[in-house]
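# A closer look at the structure
Residues per chain, in single letters:
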Amino acid sequence: MPDEEKKKSGAGNNRSTEKALAIIELLAQSRDPMRLRDISAALDLNASTTLRFLTSLQNCGYVAQEKDTARYYLTYKISRIANQHNSKTELQTITHPYLVDLSQRFHEGLCVSVEHDMTMVYIDVATGPDQTLMSMQHIGNVSPMHCTGNGKLRLLTYSEEQLDKLIREKGLPRFTEHTITTKEGLLAELRRVSREGFAYDNEECEIGSRCVACPIRDYTGAIIAGISVTGPVSRMTPERIEAEIKPQLAETARRISEALGYNP
């Protein structure tokens, strides 16, 4: 086959793939099964083309039809594949290149942590050139939720009943003079975090250390982890955080979230 024909064939295959994926995404977003003509109209495709793709998706087990209405809907094959993928893909595999990149850019420590048993567990870290990390920030270590940036982000998903359970079972222990140790103070802090989209540890765990954190979301939009930058207060100034760190940290959190299927 001449090169020009190969290029045309490849472009045609790409467009076909895009159309099939568009049908899958449309059906996934629809609350109810859809008629052929509605799918065609929504994607601006003619009915025969749409039918051809739907038939292929049916043959592969991704789409099925209601017997009485002939409307189309997604099967659970997509969910099965997603679950298989999630079981094989660790969050750390996705996050680590981003952490290394930011640690080299900021010359500060980077961490990703997730919740386990009402504590935060560090699953990925990258140190700056001077090995800057708080003493607790090592893979596998745990930290409290009420005084860490990533922990506060995760607490945004808590109901008041869950927060009461945290306070009852874990307490709000004081680590420094800046630690929040009351429910009222913590609720006020979480309202601020919710408004701003960032969480801070302003010397709440260790005197002289400051961190800023941004949420990582999964395909449902839920906050499943946090990514944070930590450094000494002499370098982690409010001006630097606003101008340099927050914009790049937010962009990195967005990219990681998109890799997990998040689509804002």
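Residues numbered from 1 in each chain as written. Predicted model: local features only at pLDDT ≥ 70, side-chain atom pairs only at ≥ 80, totals over all residues. Heavy atoms only, no water.

### A look at the side chain of glutamate 204
Note on placement: glutamate 204 falls in the loop between strand S6 (199–202) and strand S7 (209–217). Among the polar contacts listed, one links the side chain of glutamate 204 to the backbone nitrogen of asparagine 202, at a separation of 3.1 Å. Other than its neighbours up to four places away in sequence, glutamate 204 contacts His146, Cys147, Lys152, Phe175, Thr176, His178, Thr179 and Ile180. (Helix = DSSP H or I, 4+ residues; strand = E, 2+ residues; numbered from the N terminus. Polar contact = N/O pair within 3.5 Å; in protein donor to acceptor, adjacent residues only side chain to side chain. Contact = heavy atoms within 4.5 Å.)

### Considerations on the packing of aromatic side chains
Enumeration over the complete set of coordinates arrives at zero aromatic pairs. Over the face of the ring belonging to phenylalanine 53 we find arginine 52, whose NZ or CZ atom lies 5.3 Å from the ring centre. Sitting over the face of the ring of tyrosine 62, lysine 77 holds its NZ or CZ atom 4.5 Å from the ring centroid. (Phe/Tyr/Trp six-rings, centres within 6.5 Å; stacked < 30°, edge-to-face > 60°. Lys NZ or Arg CZ within 6 Å of the ring centre and 35° of its normal.)

### Remarks on the packing of helix H7 (residues 160–169) against helix H8 (residues 183–196)
Look at H7 against H8: their axes get within 12 Å of each other, and the N-to-C directions meet at 130 degrees. For the element pair H7 / H8, the angle class is oblique. For the crossing formed where H7 meets H8, the hand is right-handed. Only Lys183, Leu186 and Leu187 of H8 make contact with H7, whose side of the interface consists of Glu160, Leu163, Asp164 and Ile167. Of the residues that constitute the contact of H7 with H8, the class distribution is four nonpolar, no polar and three charged. (Axes fitted to C-alpha atoms, helices over the stretch in contact; angles between N-to-C directions. Parallel < 35°, antiparallel > 145°, perpendicular 65-115°, else oblique. Left-handed = near helix turned anticlockwise from the far one by under 90°. Nonpolar A, V, L, I, M, F, W, Y, C, P; charged D, E, K, R; others polar.)

### Some points on the packing of helix H2 (residues 36–43) against helix H3 (residues 47–59)
The N-to-C vectors of H2 and H3 enclose an angle of 110 degrees; their axes lie 9 Å apart at closest approach. What the angle tells us is that H2 and H3 run roughly perpendicular. Across the interface between the two elements, Leu36, Ile39 and Ser40 from H2 touch Ala47, Thr50, Leu51 and Leu54 from H3. Classifying every residue of the contact of H2 with H3 by side-chain character gives five nonpolar, two polar and no charged.

### As for the environment of leucine 190
Its place among the elements puts leucine 190 in helix H8. On the accessibility criterion, leucine 190 (8% relative accessible area) is buried. Sequence separation between leucine 190 and arginine 154 is 36 residues; the distance between their C-alpha atoms is 9.9 Å. Discounting chain neighbours no more than four positions away, the residues touching leucine 190 are Lys152, Leu155 and Leu156. (Buried < 20%, exposed > 50% of the residue type's maximum accessible area, 1.4 Å probe, protein only.)

### Here we look at the pairing of S6
Where S6 meets S7, four bridges bridge the pair, whose relative direction is antiparallel. Directly across from aspartate 201, in S7, lies its bridge partner cysteine 211. (Pairing = 2+ DSSP bridges.)

### Here's the deal with the pairing of strand S4 (residues 119–126)
When you tally the buried positions in S4, you get seven out of eight residues, the bulk of the element. As defined by bridge partners, strand S3 (residues 109–116) adjoins S4 across seven bridges and the pair is classed as antiparallel. Residue pairing for S4: valine 112 is matched across the bridge by aspartate 124. Here S3 folds back onto S4 in antiparallel fashion, the turn holding two residues, of which aspartate 117 has a positive phi close to 55 degrees. Note that S4 and strand S5 (residues 142–143) share two bridges and pair antiparallel.

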